[in-house]
Amino acid sequence: MRKIILTALGILLIVVSYFAAKKIATAKNRTRPVAAKIIKTVFVDTIQNENIPIIIPANGNLKAKERLELYSEVQGVFRSGSYLFKPGQYYKKGQVFIRVDASEYYATVQSAKSNLYNSIAAIMPDLRLDFPDIFQKWQTYLTSFNLEKTTPKLPDMVTDKETYFITGRGIITNYFNVKNLEQRLAKYTITAPFSGILTQALVSEGSLIRNGQKLGEFINPSVYEMEVALSKTYASMLKVGEKVSLNTIDKTQEFSGRITRVNGSIDATTQTITAYIDVADKSLKEGMFLEANLNAKQEEEAIQINRNLYLDSAQIFIVKDSVLDIIDVKPVYFSDAKVVLKGVPNGTVILSKPIPGAYAGMLVKPYVDNSKSSSDTETPNAN
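The structure contained in this document is the topic of the report that follows. Throughout, a residue's number is its position along its own chain's written sequence, starting from 1. Residue-level local features of this predicted model are given only where pLDDT is at least 70; pairs of side-chain atoms are given and counted only at 80 or more, and the full residue set underlies all totals for whole chains, interfaces and linings. Note that water and hydrogens are dropped before the side-chain values are worked out from all heavy atoms of the structure.

## Brief notes about the packing of helix H2 (residues 103-130) against helix H5 (residues 171-186)
In step 1: Helix axes are fitted only over the stretch in contact, all axes being lines through C-alpha atoms; the angle between N-to-C directions runs from 0 to 180 degrees. Helix and strand definitions here come from DSSP, where helices need a minimum of 4 consecutive H or I residues and strands a minimum of 2 consecutive E residues; each element is numbered from the N-terminal end. Contact geometry for H2 and H5: axes closest at 9 Å, N-to-C directions at 160 degrees. Regarding the angle of H2 to H5, the classification is roughly antiparallel. Considering the relative orientation of H2 and H5, their crossing is left-handed. Taken together, the residues of H5 that come into contact with H2 (itself represented by Tyr 105, Tyr 106, Thr 108, Val 109, Ala 112, Lys 113, Leu 116, Ser 119, Ile 120 and Ile 123) are Ile 171, Asn 174, Tyr 175, Val 178, Leu 181, Glu 182, Arg 184 and Leu 185.
In step 2: For the contact of H2 with H5, the class distribution of residues is 12 nonpolar, three polar and three charged. To sort the angles, those under 35 degrees are grouped as roughly parallel, those over 145 as roughly antiparallel, those from 65 to 115 as roughly perpendicular, and the leftovers as oblique. By the definition used in this description, the sense in which the near helix is turned from the far one sets the handedness, with an anticlockwise turn below a right angle giving left-handed and a clockwise turn giving right-handed. The contact definition used throughout considers only heavy atoms, calling two residues in contact when any of these lie within 4.5 Å. For this classification, the nonpolar set comprises Ala, Val, Leu, Ile, Met, Phe, Trp, Tyr, Cys and Pro, the charged set comprises Asp, Glu, Lys and Arg, and every other residue, Gly included, is treated as polar.

Spelled out as structure tokens, the structure:
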């Protein structure tokens, strides 16, 4: 009985295995559905070559074109000038920054001037007797001599005899000693060489000023200069007098400048050339950071596209008969976001926005504003 049951179970297992194997074999031969062909809709642009301006971006900080570092050439106590010597103070041309107490030195100058006056007065009797023809001009000089004013220039000596006589009395030596002392005395008062603003003050009223000590900085706020470093590639493009567009880093303000100087040498370390741009505006301040756009030149018969449309192999995608193709181009200039190309024929249809995974031979459909989406068409890819 047991053998009969085992035999029946074996036969049943064989039958079940047969039908299971047949079902699996039938499933492998089942036909898979064919995927629908997808045609990407793309944004395109028709090329028309034109003159493209080459704009070179640069940036830098403003510095006053006229600036003065104030140093003392004398020693003494600081006395107040026209205004308080403080940062931000405005001075007109000729107004006094600083007066250094010169009372002691002033007495020395007056003593030397008095000695010169006495020397000339001592020779007047000899001039009247021996040189009556030149007596009057020296008498006039002596009459105009004022100890409270700058020493006037000595009369011109026209003959050798007069020169020897005046020199032998030590008058010329005394005269130049006095002029030297007067020049030194003038340094006790520092005046503004131009109208401007004091940006730094390192001394205050009543402090002792020493010879060679820095006192502060003074600038003319009417004209500023910006120094920019550009690649040596653009050295031949820079022109003195070229107008430059400038703006703040947040693009809220725009200014107009002009290239005034271009350095004649290239920095050996950075391989850059330096250009200097003048800009004037009441809202500008020294130290401001500005961006500049320099018009280098006009590139004829060229186009400008986004850099993400340019392939590393110096090629771009075009659309020809609803199929993507690739053509070779000649890059002329690269900026941060754009590239200027030559060698693209007029009327060529190119992509205006990139397509992820694009390849030559891909089926595409140019986007039209009034087109309607269908079940077998994707929306335009803007990535």
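## Focus on helix H4 (residues 160-168)
In step 1: Only protein chains enter the area calculation, which uses a 1.4 Å probe; residues under 20% of their type maximum are buried, those over 50% are exposed, and those in between are partly exposed. For H4, every residue scored as buried is listed here: Glu 162, Phe 165 and Ile 166. An end-on view of H4 places all buried positions within 95 degrees of arc, on one side of the element. Exposed side chains of H4 directed beyond 90 degrees from the buried face belong to Asp 160, Tyr 164 and Gly 168.
In step 2: Of the surrounding secondary structure, the elements contacted by the buried residues of H4 are H2, helix H3 (132-144) and H5.
In step 3: The positive-phi residue at the C-terminal boundary of H4 is Gly 170, with phi of around 75 degrees. Regarding the arc, it is the one traced by the directions from the helix axis to the C-beta atoms.

## A closer look at the packing of aromatic side chains
In step 1: Note on aromatic contacts: the rings of Phe and Tyr and the six-membered ring of Trp form a pair at centre separations within 6.5 Å, being stacked when their planes are under 30 degrees apart, edge-to-face when over 60 apart, and tilted otherwise. Inspection of the entire model under this criterion finds 14 aromatic pairs.
In step 2: With a centroid separation of 5.9 Å and 80 degrees between ring planes, the pair formed by Phe 78 and Phe 85 is classed as edge-to-face. Each member of the pair, Phe 78 as well as Phe 85, is classed as buried.
In step 3: An aromatic cluster is defined as three or more aromatic residues linked by ring pairs; in this entry it consists of Tyr 83, Tyr 91, Phe 97, Phe 194 and Phe 218.
In step 4: In our convention, an over-ring charge means Lys NZ or Arg CZ found within 6 Å of a ring centre and within 35 degrees of that ring's normal. One cation-aromatic arrangement involves Lys 353 over Phe 43; the distance from NZ or CZ to the ring centre is 4.7 Å.

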